[in-house]
Structure formats: structure tokens, C-alpha cells
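A look at the structure
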Amino acid sequence: MPTMTAPQGHPGVTALTAQEREVLHALGCGLEDAEIADTLALPEDVVAGRLGGVLVKLGLRNRAAAIVHAFDCGLVVPGLGPRGQAAVPGAAFQERTGSVPGPWLRVSVLGPLRVRLAGRPVDVGPVRQQAVLAALALSPDRSVSRRQLLDGVWGTESPGGNVVPVYVYRLRKSLRTGTGECPDSVIRRDRYGYGLVHGVVEVDVACVEELVTAAGAAERASDLTEAVRLCSRALELFRGEPLAGLPGPLAESERLRLTGRRVALAQRRADWQLELGRVAEAIAGLSALALEEPLNEPVAALLMRALRRGGRRAEALAVFDRTGRRLADELGVTPGEPLLRARWAVLRGDDAGAGRGRAGSA
């Protein structure tokens, strides 16, 4: 790859991860999102998140500026044609190891655990073994010790002994990149414990966070349409209850955290949709969310605000009554400040007390 120098006023591509450089290179070669996804064997939503990250890190305004930057810094060589240098799948792995690139491993925890190696589903064994892999996937930037795995997966039922090394050994055998006599496992080991090899494994939780970061950057750039699109892509990665069926204290706490994350993202998207005047879309999403979260007062308050904006005041007041009854019957409490403010705004016929920022932050 040519030496990369940054155009004046922008940081160099060395600020990017290896995979972000691959995406920028493919973009500079004239490929569209779908073509980049196909070339790099990535989901399109991940490509969108990577592109958003590139724009933020390099301080670029749009895709056109990114294409120019790819040429200016030497990532794409002029004269070879916009598609003359197709990005090479697995280049990040090749750069790290110097070996022939192996297949991607993708781990999805935003629903029942799913593992795909080179695009094919992989059976990673019994539920406790699945929980060990999930624990590693949820700690992408650090090693997880044997003690932490025992506490997180087994809790007070910890069996002791060598159960963790046995499970890790089985996972290492079934999750290998490359071919030949000595294929590499995607699970590394160091003196601190175990972890997934950086740059080889894709985890859906990390993809969500990249998309959310890009959405936040779009909001700061006053491009709420793009922010809504990126937030919608992040929400599409949720496939049901996170870590469904997996045992242990870690899975239970992460289920609660990730479910809360999804609710906050849905609220944030609805807030943006209302600012854009896309009231019907906001009502549809919030109505579904309120059915899932009948005791969530901020969700009910935001739904009331959306209904009022749509001229549906009676329905907005019905949401207040319904939520108030559920709170009294199931929790023995009365509506709190968010719901009371929303009701007062409906009765007054304005958005007083229900302005932007009332939705959960994401």
C-alpha cells in the first residue's frame, strides 16, 4: 500500500482502523455500499457504520469528500480507474498476521446467540459454552480471566476445576480462521485470560455502537434524516431478547442493559422523527414500543407527545389513563413527572414541558 499522507486540514488515514481503511479504499474505488458489503463480506449496515466512523474521524462532510481524501492520501492511486483497485477481502487480517486472510467470524448476541464462520452457521456447543463465547464477545477490548468467566457464567453454581479451559479449548477448535496444518483460532490467550482476536471477529453490539456514534455525528451536523437512517439500522440488528436462553449472572445483567439500550435508541429515533415532521412514523414506532414497555413512563410520554402532534389528543389522553392504571395496579404508584408534563401539554394544546431531550439519551 502506498505511503499515506494527509491532505492539509485533515488527519491521516492512520487514525482509522484497518477495516475502516478497507472501506475507505473501496469507496475511493467507486463502489457503492452494497458492492463494498459484498467485496468485504460485511453486512450493509456495518458498512454504513464504518463509513460514518470514517467521516467523523477524518472530519469530512460527506462521501464525495471521503473519495477525494482517499486519492489525496494515496490510498487509491489516480490513473488506475475508479474501480481499478478493488478492495481485498480480509486485508485487515492479512495486515495483522502477514498470512493468507481467513474467513470472518460474526457473533450476534442481540437475540439468541448466533455464530457464523465464513458466512455459515456454527454450532458452538451447550448453553454454558455459548455463554462463555458471549462473555468474550461482550468484552472485545480486554481479556477476561478464568475467575470472571466462572462468576459470570456459573455464578454461585461455579463448578471449579478446569471447566473454563475445557470450554475455551472446544471453542478454539471449532472457531478457526484459515486452512492448512496450523489454522489460527479467533480466541487468544494471554496472562490475563482469554479474548477474541481484534480485527477478525465482528460482534453485533459493536456494530450498533458504531452506527449510534455515526448517528450522533449526523445530528451534530444537522442531518437528522441521516441520523434517523443510521439509528434505524442499529435497531434492525436487535432480533429479540438479547442473549435469549443463556444462563448466568452476566447474561442476565447484559440482557437488561441491552434491552434498555434498544429502548433508548427507539426513543431517540422517535424524537428525531418528530423534529423532521415524520409524525406517523414516530407514532408507529412508539406505539409498538409502548406495548413492549407498558410501565415505561418516558416512552408513554413521548407517545403522547407524538399523538398530540398528529392531532390525536383523545388517544394521547387515553395513553395517560392506560399507563396510569398499569402503574397503580402493578407497582402501586401514581404517574410521575414525565407523564404529568405530557398530559398537561396535551390539555394546553402545545408541547410545553415535552420538548426535545425528554427521550432517553442513547
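Just so it is clear, the structure is predicted and the values come from calculations on it, not from any experiment.

Criteria and thresholds
Residues numbered from 1 in each chain as written. Predicted model: local features only at pLDDT ≥ 70, side-chain atom pairs only at ≥ 80, totals over all residues. Heavy atoms only, no water. Helix = DSSP H or I, 4+ residues; strand = E, 2+ residues; numbered from the N terminus. Expected span 1.5 Å × (residues − 1). Buried < 20%, exposed > 50% of the residue type's maximum accessible area, 1.4 Å probe, protein only. Contact = heavy atoms within 4.5 Å. Phe/Tyr/Trp six-rings, centres within 6.5 Å; stacked < 30°, edge-to-face > 60°. Lys NZ or Arg CZ within 6 Å of the ring centre and 35° of its normal. 1 Å grid on protein atoms, 1.4 Å probe; cavity = no way out; pocket = protein on both sides within 12 Å on 5 of 7 lines; lining within 4 Å. Points joined across faces, edges and corners; volume = space filled by probe spheres on them. Nonpolar A, V, L, I, M, F, W, Y, C, P; charged D, E, K, R; others polar. Pairing = 2+ DSSP bridges. Axes fitted to C-alpha atoms, helices over the stretch in contact; angles between N-to-C directions.

**A few points about helix α9 (residues 204-220)**
For α9, which comprises 17 residues, the first-to-last C-alpha distance of 24 Å matches the rise-based estimate of 24 Å (1.5 Å per residue) to within 8%. Among the residues of α9, those classed as buried are Asp204, Val205, Cys207, Val208, Leu211, Val212, Ala214, Ala215, Gly216, Ala217 and Ala218. On the buried face of α9, the contacting elements are α3 (44-58), β1 (105-108), β8 (201-203), α10 (224-236) and α11 (249-275).

**Details of the packing of aromatic side chains**
Taken as a whole, this structure holds one aromatic pair when the rule is applied. The ring of Phe320 carries the charged tip of Arg343 above its face, separated from the ring centre by 5.3 Å.

**What to know about empty space enclosed by the protein**
A complete count under the given rule lists two cavities of 30 Å³ or more for this structure. Its boundaries defined by the atoms lining it, the largest cavity holds a volume of some 60 Å³. In this structure, the largest cavity is lined by Ala131, Ala134, Ala135, Leu138, Gly152, Val153, Leu243, Leu246, Pro247, Leu250 and Ala251. Elements represented by at least two residues in the lining of the largest cavity include exactly α6 (127-137), α7 (146-153) and α11. With three residues, the top contributor of residues to the lining of the largest cavity is α6. Here the residues of the lining of the largest cavity are counted per class, giving ten nonpolar, one polar and no charged. Its boundaries defined by the atoms lining it, the second largest cavity holds a volume of some 30 Å³. At the level of secondary structure, the elements contributing two or more residues to the lining of the second largest cavity comprise α11 and α12 (279-292).

**So, the sheet that holds strand β3 (residues 120-121)**
In spatial order, the strands read β3-β2-β1-β8; together these four strands make up an open sheet with mixed pairing. Each edge of the sheet is formed by a strand with only one pairing partner; in this case those strands are β3 and β8. In the sheet, strand β2 (residues 114-117) pairs with β3 via two bridges, with the strands oriented antiparallel. If you follow Leu117 over to β3, its bridge partner there is Arg120. The sheet strands contacting α9 are β1 and β8, and the helix crosses β8 at an angle near 65 degrees.

**Some remarks on the environment of Ala135**
Secondary-structure assignment places Ala135 in helix α6. Classification of Ala135 as buried rests on a relative accessible area of 5%. Residues Ala135 and Gly195, 60 residues apart in the sequence, show an inter-C-alpha distance of 9.2 Å. Not counting chain neighbours up to four residues away, the residues in contact with Ala135 comprise Val144, Leu149 and Leu250.

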